[in-house]
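Listed below, chain by chain, are the residues.
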Amino acid sequence: MGRFRVPRTCFSFVSVSTVFQNSVFHLSTVTFKTHLEDGNFSYAKEQFATLCSNGRIREAYHNFVSYIWSEPRLFSNLIQACIRTKSVSLGKQLHSLIITSGCSSDKFVSNHLLNLYSKFGEFRAAVLLFDRMPTRNTMSCNIMIKAHLEMGSFESAKKMFDEMPERNVATWNAMVTGLAKFEMNEESLFLFSQMNELGFMPDEYSLGSVLRGCAHLTALFAGRQVHAYVMKSGFESNLVVTCSLAHMYIKAGSLSEGERLIRLMPNCNVVAWNTLMSGKAQNGCFEGVLDQYCLMKKAGFRPDKITFVTVISSCSELATLGQGKQIHAEAIKAGASSIVDVVSSLVSMYSRCGSLQDSVKAFSEGKQRDIVLWSSMISAYGFHGQGEEAIKLFNGMEQENLPGNEVTFLSLLYACSHCGLKDKGLDFFELMVQKYGLKARLEHYNCVVDLLGRSGCLEDAEAMIRSMPMEPDAIIWKTLLSACKIHKNAEMAKRVAKEVLRIDPQDSASYILLANIHASANKWQDVSEVRKAMRGKMLKKEPGISWVEIKNQVHQFCLDDKSHPQSAEINRYLDELTSEMKMRGYVPDTSSVTHDMDNEEKEYNLAHHSEKMAIAFALMNCPEGMPIRVMKNLRVCSDCHVAIKYISEIKNLEIVVRDASRFHHFKDGTCSCGDYW
C-alpha cells in the first residue's frame, strides 16, 4: 500500500495512508493498449461513472486505474464521489495522485478540487490551491466567491467579484445570495436589478434570497415586482420560489396574499405548511397556527423541528398547557423532542403556561444546550419570581464556558427586578458592559429602571433615564410611572406622565396609572380631570380579561361578565366565597377602585374582577385539589392579590396567575412574589 503526500511547499496536509494503490506503474503496456484498441473505453467510462455515483470510490479507482491515467480528467468523477460521501481524507489522497499524474495544472480538475475543499470547509487549502493555479476561469472564481461567503468573508468575495474580467449567471447568483445572507438586503436588490438588466437569468436560490431580502425590509412593492418577474420567467410553479414569495408577503404585512399562494400550490410540502404557520404566528393568529397544524397532519405530512417550534410557541402565547403537552408528546413520537430548538420552545411554553416544574424537567432532559436554551431557562426562573435560581443557572452557564448574550442578561435583570435583588441586578448590568463588552439596549435600561423603581430609588431611576445614551421611549417612562404608583409619589407621577404623553399622546395606560395614584390618595377631583382628558382624546381603558383552560377549552372572562353560560352560578359561588374570605379576615381594598362611588358598589366591583370570575369558574369545574392556572392581560390589582391568597388557603390548592408582568404562585395563603410585584 503506497503513501502519498502533497508537497509541503504548497499544502500542509497531514500525511494519510492511501487506499489507492498506485498500480499504474505496474500495469502492462500491452494490457493498457488492448483496452483502448478493443473499443471498450466508452463502456469502461460508463462503468467507472456508475461506481463513482454509487460512492464505491476505491473500487472505481482500482478497476479503472489505467483509464484514469490515460484521461486524468476522470479524477473529477472520483472527487465528486468524495464530496457526496463526505470523504475528506480520500479527497486529499486523490489530490496527491493528481499531482503525481501531472494533471494538477488542468483547470477542469483543479476546479473540482477547489469545490471539494470549499465544500469540506478546508478554506485555507482552497485559497492556497487557487493562488497556485497557473490558469483560472470564471468557474474557479465562482467557487472561491462561494467559499469566501461560506466562511463569512464578504469583503473578500466582493473584491473577487469586482475584479473578475467576465461573469456568468452563477457569479451573479452567488453574489445576490451572499448579500442576502449578510442581510445587505438593499444591495442584494440592487445587484438583482443589475443582473436582470444585463440579461442574466436568476436561479431559484437567488430569487429566494431576493424575496427574503424584501421580507426583511418589509418592501411589499419591491416584492410584488419580483413576483411579476417570477411569473414572467416561469418560476411560479417552483416550490422554493413559491414558498419564498409566500414568506415575503406574510412578513411584509399581507398574510392573505401569502396564504393564497400556498393554497394554490399544486404540490404542497412541509416547507410550505411551515411558512404558512410561521406567518400566522408572526401576525398573532396563534389559534390559526394550531388549526393549520391539525390540517397538516390530516393531509399526511410529518411535522419537522420548525413545525414543532412554531406550534409549541403558539401554545406558549395562548397559554394552553393541555394542548402544549399534547404537542410535546407528538414531538417525542417524532423523535424531535431532544433537538435543542424544540427544547428551548418547550421550556418557554411550560414557563408561560405556569408550569415551571415542567420547564425545569424539559431543560434537565435536554442532551445539548446552547445559549438560547440556557437563556430560556433563566428567563423562566425570572418570570416565576425565582431570581436566586436564575443567578445559580447563570453561574452554571459560565462554568460551561458559555458567554452570556444580550438576551441572557435581559433575563437576569428581569429576574432581579422582580425579586428585589437590586444590588445583584446592578452588578449584572455592569458585568454585561464591562466584562462581556455587550452594548446595553433600551430594554436593558428599562429593566434597571424597573429594578430601581421597585426598590424605591425613584430619583436614581429618573436620573438613569435622563442620562441614557439613547432617547427614552414611552415604555421606560411608564415603567417609572408604575413605580410612582407603588410608592404613591404623586408629584413625580405627574412629571413622568407628561413625558409619556409627550411621546405617545394616545397612551391610555398612563392616564389610568395617574388616575389610580390620585384615587389611592382620595383626590377625586384630580381623578375626574384625568378621566375628562381621556374623554377629550376619545381614549378608553383597556379592559381586564382573564382566561382559564379546562379540558382543552379556553374560557374567557371580563369585569362583571354576564356573557358566560354559567355566569349566574359563578356570581352565586363568588358571593359565598367572598363571605367565607371575610370570615377569615379579608377586607376588600376599595382604594384600588378609581371611581367615586359608595363602598358597597366598590366591593361589588372588586368581587367581579375577571381573575376572580375565572378562578370561581375553575373551582366549580375542576377536580378537587387540582392546581388552577389563570392568565390575565393586565397586572393583578392589590385587592385580587390579597383575595387569591385567601382562596388558596380556604381551598387548600395552588392557584397560578400569570399577569402582564409575571407569574404568581398562590399556596397556603401566601404568594411566591412575597408581595413584591
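Every chain is numbered on its own, with residues counted from 1 as its sequence reads. Reporting of local features is limited, given that this is a predicted model, to residues whose pLDDT is at least 70; pairs of side-chain atoms are given and counted only at 80 or more, and all residues count toward the totals for whole chains, interfaces and linings. Based on all heavy atoms of the structure, the side-chain values leave hydrogens and waters out of the count.

- The protein chain appears in an unreviewed UniProt entry as DYW domain-containing protein from Arachis hypogaea.
- UniProt positions are given in the numbering used here, feature names are shortened, and annotations may be inferred rather than shown by experiment. UniProt, in the comment section headed Sequence similarities (unreviewed entry), describes the protein chain in these words: "Belongs to the PPR family. PCMP-H subfamily."

1. Some thoughts on the overall build of the protein chain
Thought 1: The way it works is that DSSP assigns letters per residue, a run of H or I at least four long becomes a helix, a run of E at least two long becomes a strand, and they are numbered from the N terminus. Of regular secondary structure, the protein chain possesses 36 helices and eight strands.
Thought 2: Seen along its three principal axes, the alpha-carbon backbone of the protein chain occupies a region of about 115 × 55 × 50 Å.
Thought 3: Across the 677 residues that make up the protein chain, the buried fraction comes to 50%.
Thought 4: For the protein chain, long-range pairs separated by at least 24 residues make up 64% of all intrachain contacts whose partners lie at least 6 apart in sequence.
Thought 5: Summing over all exposed atoms, the protein chain offers an accessible surface of approximately 32500 Å²; the carbon and sulfur share of this is 51%.
Thought 6: Only four residue types enter the charge count: Lys and Arg as positive, Asp and Glu as negative, with His and the chain ends excluded. Charge placement uses NZ in Lys and CZ in Arg. For Asp and Glu, CG and CD serve respectively. Between the averaged position of the 75 positive side-chain charges in the protein chain and that of its 74 negative side-chain charges there is a distance of 5 Å. Relative accessibility thresholds used throughout: buried, under 20% of the residue-type maximum; exposed, over 50%; partly exposed, between the two (1.4 Å probe, protein chains only). Contact between two residues is taken to exist if any of their heavy atoms lie within 4.5 Å; hydrogens are not considered. Accessible surface area values rest on a Shrake-Rupley calculation with a 1.4 Å probe, where residue burial reflects the displayed protein chains alone.

2. As for unusual backbone geometry
Peptide bonds are trans in most cases, and residues, glycine excluded, mostly fall at negative phi.
Thought 1: Its identity is not glycine, yet glutamate 183 carries a phi of approximately 60°, on the positive side.
Thought 2: Within the element layout of this structure, glutamate 183 appears in the loop between helix 11 (169-181) and helix 12 (185-197).

3. Quick look at the packing of helix 10 (residues 154-163) against helix 11
Thought 1: Axis geometry follows a simple rule: fit a line to the C-alpha atoms, using only the stretch in contact for helices, then measure angles between N-to-C directions, giving values from 0 to 180 degrees. In the contact formed by helix 10 and helix 11, the axes pass within 11 Å of each other and the chain directions differ by 155°. As far as their axial angle goes, helix 11 and helix 10 are roughly antiparallel. Crossing of helix 10 against helix 11: the hand is left-handed. Residue-level inspection shows Phe154, Ala157, Lys158 and Phe161 of helix 10 in contact with helix 11, the latter providing Thr171, Trp172, Met175 and Leu179.
Thought 2: Split into classes, the residues belonging to the contact of helix 10 with helix 11 amount to six nonpolar, one polar and one charged. With respect to orientation, any angle under 35 degrees is reported as roughly parallel, any angle over 145 as roughly antiparallel, any angle of 65 to 115 as roughly perpendicular, and every other angle as oblique. By definition, turning the near helix anticlockwise from the far helix through less than a right angle yields a left-handed crossing, and turning it clockwise yields a right-handed one. Three residue categories are used. Nonpolar comprises Ala, Val, Leu, Ile, Met, Phe, Trp, Tyr, Cys and Pro, charged comprises Asp, Glu, Lys and Arg, and polar comprises the others, including Gly.

4. Points about the nonpolar core
Thought 1: To define a nonpolar core, start from buried Ala, Val, Leu, Ile, Met, Phe, Trp, Tyr and Cys residues and group those joined through side-chain atoms within 4.5 Å. If you look at the biggest cluster of nonpolar residues, it comprises 89 residues, and the most contacted ones within it are Phe308, Ile327, Val347, Met377, Phe428 and Leu480.
Thought 2: Those residues in contact with isoleucine 327 that lie beyond four places of it in its chain are Leu290, Tyr293, Phe308, Val311, Ile312 and Cys315.
Thought 3: In terms of nonpolar packing, the next biggest core, distinct from the first, is built from 75 residues, Cys82, Leu94, Leu149 and Cys243 among them.

5. Description of helix 7 (residues 107-119)
Thought 1: Helix span is expected to be 1.5 Å times the residue number reduced by one. Compared with the 18 Å implied by 1.5 Å per residue over 13 residues, the 18 Å span of helix 7 between its first and last C-alpha is a close match.
Thought 2: Considering only its buried residues, helix 7 is in contact with helix 5 (75-85), helix 6 (88-101), helix 8 (123-132) and helix 9 (138-150).
Thought 3: Polar contacts, as used here, are pairs of N or O atoms within 3.5 Å; protein pairs need one atom able to donate a hydrogen and one able to accept it. Residues neighboring in sequence count only if both atoms are side-chain atoms. Of the residues flanking the start of helix 7, the one acting as N-cap is aspartate 106, its side-chain oxygen 2.8 Å from the backbone nitrogen of phenylalanine 108.
Thought 4: Within two residues after helix 7, glycine 121 carries a phi angle of roughly 75°, on the positive side.

6. Overview of the sheet that holds strand 4 (residues 553-558)
Thought 1: Taken together, six strands build an open sheet; the order of strands is 4-3-5-6-7-8 and the sheet is mixed. The strands lining the two open edges of the sheet, one partner per strand, are strand 4 and strand 8 (670-671).
Thought 2: Relative to strand 5 (residues 628-632), strand 3 (residues 545-550) is paired through three bridges, and the arrangement is antiparallel. By the bridge assignment, serine 546 is partnered in strand 5 with lysine 632.
Thought 3: Strands strand 6 (655-658), strand 7 (663-667) and strand 8 of the sheet are contacted by helix 36 (residues 638-651), whose axis makes an angle of about 40° with strand 7. Any two strands with at least two DSSP bridges between them are considered paired.

7. Some details on the environment of valine 340
Thought 1: Looking at the element boundaries, valine 340 is found in helix 21 (residues 340-352).
Thought 2: Not counting the four nearest positions on each side in its chain, valine 340 is found in contact with Gln368, Arg369, Asp370 and Leu373.

8. Focus on the state of the cysteines
Thought 1: Cysteine sulfur atoms are paired as a disulfide whenever they come within 2.5 Å of each other. Overall, the coordinates contain zero disulfides when judged by the stated rule.
Thought 2: In this structure cysteine 416 is a free cysteine whose sulfur lies 7.4 Å from that of cysteine 419, the closest cysteine sulfur available.
Thought 3: Cysteine 416 sits in the buried class, given a relative accessible area of 0%.
Thought 4: Considering cysteine sulfurs only, cysteine 640 is the nearest to cysteine 558, which forms no disulfide, with 14 Å between them.

9. Some words on the UniProt feature "repeat: PPR" (unreviewed entry) in the protein chain
Thought 1: Here, the residues flagged by UniProt with the feature "repeat: PPR" (unreviewed entry) are residues 137-167, 168-202, 269-303 and 370-404.
Thought 2: Within the segment residues 137-167, helix and strand shares are 74% and 0% respectively, and the terminal C-alpha atoms sit 10 Å apart.
Thought 3: This span, residues 168-202, is 74% helix and 0% strand, and a straight line between its end C-alpha atoms measures 11 Å.

10. Structural notes on the environment of proline 403
Thought 1: Position of proline 403 relative to the elements: it lies in the loop between helix 24 (387-399) and helix 25 (406-417).
Thought 2: For the pair formed by proline 403 and histidine 247, sequence separation is 156 residues and the distance between their alpha carbons is 33 Å.
Thought 3: When near neighbours in sequence (up to four residues on either side) are disregarded, proline 403 contacts Ile371, Met397 and Tyr436.

11. Structural notes on the packing of helix 30 (residues 490-503) against helix 31 (residues 508-520)
Thought 1: Running from N to C, helix 30 and helix 31 point in directions that differ by 170°, and their axes come no closer than 10 Å. Comparing the axis directions of helix 30 and helix 31 gives the class roughly antiparallel. Contacts between helix 30 and helix 31 involve Ala490, Ala493, Lys494, Ala497, Val500 and Leu501 from the first element and Ser510, Tyr511, Leu514, Ile517 and His518 from the second.
Thought 2: Classifying every residue of the contact of helix 30 with helix 31 by side-chain character gives eight nonpolar, two polar and one charged.

12. Some remarks on the pattern of salt bridges
Thought 1: Definition used for salt bridges: Asp or Glu carboxyl oxygen within 4 Å of a side-chain nitrogen of Lys or Arg. This model, assessed by the stated rule, comprises 25 salt bridges.
Thought 2: Ionic pairing is found between arginine 224 and glutamate 257, a salt bridge with its closest N-O pair at 2.4 Å. With arginine 224 in helix 14 (residues 220-233) and glutamate 257 in helix 16 (residues 255-263), this pair connects stretches of sequence that are 33 residues apart.
Thought 3: Given a relative accessible area of 40%, arginine 224 falls into the partly exposed group.

13. Thoughts on the domain arrangement of the protein chain
Thought 1: In this document the domain limits rely on a domain assignment from an automatic tool or a database. Looking at the protein chain, the domain boundaries give domain 1 (47-166), domain 2 (470-537) and domain 3 (547-671).
Thought 2: Here domain 1 and domain 3 have C-alpha centroids that lie 71 Å from each other.

14. Topic: the packing of aromatic side chains
Thought 1: Here is the rule: rings of Phe, Tyr and Trp (six-membered ring for Trp) pair when centre to centre is within 6.5 Å. Planes less than 30 degrees apart are stacked, more than 60 are edge-to-face, and the remainder are tilted. Scanning the entire structure with this criterion turns up 14 aromatic pairs.
Thought 2: Taking 5.5 Å as the distance between ring centres and 50° as the angle between the ring planes, the aromatic pair formed by phenylalanine 154 and phenylalanine 182 counts as tilted. Of the two residues, phenylalanine 154 sits in helix 10 while phenylalanine 182 sits in the loop between helix 11 and helix 12, which places them 28 residues apart along the sequence.
Thought 3: On the basis of relative accessible area, phenylalanine 154 is assigned to the buried category, the value being 7%.

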